Amino acid sequence: APMPNPASTADRIGVLATYPVCGPSLDHDSAPVAVEVSQAELPHAVQYHYRIDFQLVPPPEGTVCPGTLPAPIGFLIDVGPLPPGIHTFDTRGHTQGVETTRADSTVVVNPWPGLTVSGVWYAPEQSGRGVFVNRFMTSIESLAPPDIAVIWATHDAAGRADWAVAAGRLDDNHFEAAAISTEGPALSPAPAALATVTWGRLSFEYRGCGSARLEWDALDPGVADGSVNLVQLVRPDGTGECEIGRHTRLQPAIWPDRR
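Since the structure is predicted, the reported quantities are computational estimates derived from the model, not experimental observations. (Residues numbered from 1 in each chain as written. Predicted model: local features only at pLDDT ≥ 70, side-chain atom pairs only at ≥ 80, totals over all residues. Heavy atoms only, no water.)

Trainee: How should I be thinking about the layout of surface pockets in this particular structure?
Mentor: If a probe the size of a water molecule is rolled over the atoms, the empty space left behind becomes visible. What the largest pocket holds in volume is close to 390 Å³. Lining the largest pocket are 17 residues, and of these Asp156, Asp162, Ser181, Thr182 and Glu183 sit closest to its centre. (1 Å grid on protein atoms, 1.4 Å probe; cavity = no way out; pocket = protein on both sides within 12 Å on 5 of 7 lines; lining within 4 Å. Points joined across faces, edges and corners; volume = space filled by probe spheres on them.)

Structure (structure tokens):
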């Protein structure tokens, strides 16, 4: 699947399918049908296997294709969020009842977001306050929830710049921990004697590709408690595209065995 692998239970999964540049074309009026055909319990995960069928429209009569064809056209099939496990998709295109294209893809889904959760987040209505998220890689990436650090560049009750810093375990796409701030002398090259101050609590919830929510409970009575929806401004270099909603060729899937 053309998205970060592993993915999270909050992510929409886009399964890549292709069809020839010259010849049958995609029937946009016919949604792909996704069927789970097997399920197996592995030592540390559940393995799912699906078959996805989609329809292609025959080319107009008299169409002649050149001898050398460019790469096939790719499009995404939106299969929605999936449960934790290893998901393999057998994707087949049919033209008038005959299978004409076929592709396989696999995505691992965990109960926590992948490395793409790291980066800079912000609330558009509060532009200028940023949430810096750093997700730490673990040695058993697919078995244990990762650690995360959340740093919020915000303001105190007097409107002065302030930092709230929290760190801990990220599980079920949710993180909550005590946050601290620091006080000390004016900035200089000399060593600084800084005092740690308990700021309150921060909660960060990952809601899928490029979407999250921040909640806070400050000890300072002058800082109003609340929450904001966040969008991801930047992510680490080298991580793949996550938001399948931006894809120009997106087909929803129909699950006949799900409601």
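Trainee: Hey, could you run me through empty space enclosed by the protein in this one?
Mentor: Applying the stated criterion to the full structure yields one cavity of 30 Å³ or more. One number sums up the size of the largest cavity: a volume of about 40 Å³. Taken together, Tyr122, Ala123, Gln126, Arg129, Val131, Trp152, Leu214, Val228 and Leu230 make up the lining of the largest cavity. For the lining of the largest cavity, the per-class residue count stands at seven nonpolar, one polar and one charged. (Nonpolar A, V, L, I, M, F, W, Y, C, P; charged D, E, K, R; others polar.)

Trainee: Explain the pattern of salt bridges here, please?
Mentor: When the charged atoms of two side chains with opposite charge come close together, those side chains can pair. In total, this model carries 11 salt bridges according to the counting rule given. Of the charged contacts, one joins Arg12 and Asp78 as a salt bridge, the two residues approaching to 2.8 Å between their closest N and O atoms. One end of the pair, Arg12, is in the loop between strand S1 (7-8) and strand S2 (13-19); the other, Asp78, is in strand S6 (residues 73-80), and 66 residues separate them in sequence. Arg92 is the partner of Glu99 in a salt bridge, and the nearest nitrogen-oxygen pair spans 3.7 Å. (Salt bridge = Lys/Arg side-chain N within 4 Å of Asp/Glu carboxyl O. Helix = DSSP H or I, 4+ residues; strand = E, 2+ residues; numbered from the N terminus.)

Trainee: Just to check I follow, could you spell out a nonpolar patch on the surface for this structure?
Mentor: Together, Phe132, Trp163, Val165 and Ile180 line one region of the surface with nonpolar side chains, adding up to about 340 Å² of accessible area. One can find Trp163 in strand S12 (residues 161-169). (Patch = residues over 30% accessible without salt bridge, like charges linked within 9 Å, V, L, I, M, F, W, Y side chains within 5 Å. Areas by Shrake-Rupley, 256 points an atom, 1.4 Å probe, with all protein chains shown as cover.)

Trainee: I keep staring at the pairing of strand S11 (residues 147-155) and nothing clicks. Help me out?
Mentor: Each regular strand shows side chains that alternate between the opposite faces of the sheet. Here strand S10 (residues 130-135) pairs with S11 via six bridges, running antiparallel. When the sheet's bridge partners are listed, Arg135 is paired in S11 with Ile148. In this sheet, S12 lies alongside S11 in antiparallel orientation, the contact comprising nine bridges. Bridge pairing links Val150 to Ala166 in S12. Taken together, S11 and the strand that follows it, S12, pair antiparallel across an intervening segment of five residues, in which Gly159 is found at a positive phi of about 85 degrees. (Pairing = 2+ DSSP bridges.)

Trainee: Sorry if this is basic, but what is going on with the nonpolar core here?
Mentor: Soluble, globular proteins show a tendency: their nonpolar side chains are buried together. By size, the foremost hydrophobic cluster in this structure holds 26 residues, and its most contacted members are Trp121, Leu202, Phe204 and Leu230. Residue assignment for this core shows that the elements contributing at least two residues are S10, S11, S12, strand S13 (174-183), strand S14 (195-206), strand S15 (211-218) and strand S16 (226-234). Within the second largest apolar cluster, 22 residues are counted, among which are Ala7, Ala34, Tyr48 and Phe89. (Core = buried A, V, L, I, M, F, W, Y, C linked by side-chain atoms within 4.5 Å. Buried < 20%, exposed > 50% of the residue type's maximum accessible area, 1.4 Å probe, protein only.)

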